[in-house]
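# Overview (structure and organization)
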Amino acid sequence: MFTTQLSGLLKRIGEKEEYSIEDAGRLLAQGLISEGSIYMKGFGEMAAIEVEAVSGAETLKGVKAWTPDARLTEADRVLLASRFSDDTEAFSFAKTLSSEGIPFTAMASKTETAGLEEIADAFIDLRLTKGLLPNDEGGRTGFPSSIAGLYAYFLLKMTIEEIIAEYE
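Let us look at the pairing of strand β1 (residues 38-42). Most of β1 is tucked away, with 5 of its 5 residues classed as buried. Taking every second residue as pointing to the same face, both faces of β1 are buried, with I38, M40 and G42 on one and Y39 and K41 on the other. Looking at chain direction, β1 and strand β2 (residues 63-65) are connected through 3 bridges and run parallel. Paired with M40 across the strands is A65, a residue of β2. With respect to chirality, the unit in which β1 leads through helix α3 (residues 47-55) into the neighbouring parallel β2 is right-handed. Across 5 bridges, the pairing between β1 and strand β3 (residues 77-84) is parallel.

Time to look at the packing of α3 against helix α6 (residues 145-167). Look at α3 against α6: their axes get within 9 Å of each other, and the N-to-C directions meet at 35 degrees. Both α3 and α6 take part in a crossing whose hand is right-handed. Note on element contacts: α6 touches α3 through S146, G149, L150, Y153 and F154, opposite A48, I49, E52 and A53. Along the lines of polarity and charge, the residues of the contact of α3 with α6 split into 6 nonpolar, 2 polar and 1 charged.

Further remarks concern the side chain of S85. Within the secondary structure, S85 is located in the loop between β3 and α4 (88-99). The class of S85 is buried, set by a relative accessible area of 0%. Within the local environment of S85, its side chain forms a polar contact with the side chain of E117, the two groups lying 3.1 Å apart. Sequence-distant contacts of S85, that is, excluding residues within four places in its chain, are made with A108, S109, K110, T111, T113, G115, L116, E117 and F123.

In this section: the packing of helix α1 (residues 2-16) against α6. Across the interface, α1 lies against α6 with an axial gap of 10 Å and an inter-helix angle of 35 degrees. Seen along the crossing, α1 lies across α6 with a hand that is right-handed. Facing α1, whose interface residues are L6, L9, L10, I13 and G14, α6 presents I147, A148, Y151, A152 and L155. Residue composition of the contact of α1 with α6, by class: 9 nonpolar, 1 polar and no charged.

Cut-off values and rules
Residues numbered from 1 in each chain as written. Predicted model: local features only at pLDDT ≥ 70, side-chain atom pairs only at ≥ 80, totals over all residues. Heavy atoms only, no water. Buried < 20%, exposed > 50% of the residue type's maximum accessible area, 1.4 Å probe, protein only. Helix = DSSP H or I, 4+ residues; strand = E, 2+ residues; numbered from the N terminus. Pairing = 2+ DSSP bridges. Right-handed = clockwise from strand over helix to strand, strands pointing away. Axes fitted to C-alpha atoms, helices over the stretch in contact; angles between N-to-C directions. Left-handed = near helix turned anticlockwise from the far one by under 90°. Contact = heavy atoms within 4.5 Å. Nonpolar A, V, L, I, M, F, W, Y, C, P; charged D, E, K, R; others polar. Polar contact = N/O pair within 3.5 Å; in protein donor to acceptor, adjacent residues only side chain to side chain.

Below you can see the structure in the form of structure tokens.
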């Protein structure tokens, strides 16, 4: 049952976020084309996406982990990921990027409270607001936010690589 629900979630992301992923890919590719870097920052369990982007089996050329001592330039771009769009730490980081004029993409699941989707230059909604399966206590379980984020990341990575290949 979990596999069926997870497959449905990934399909929704792929179909409903197609244009957002293309927009995000263009924004991030601009950084690489202009000889900048893409800095990646994952909050909470979404650090898995940062690890995959920076040191996975198929890294994207020009991706670096964001650290507090990173000195971003106007050529650089940032990809940030959090479980929810109203995550306070991610939103604070996003506000700093916005105030410094650093273009960034965010991926998270939208909540009722406005958040990252309001200030990001491109936003990918991971469409996961509750666990995928009901549990015995009347709640829900199985909240694969990092899986959803990794799926969106790979779609984004392939989009960026296509854009760069066309540019070259």
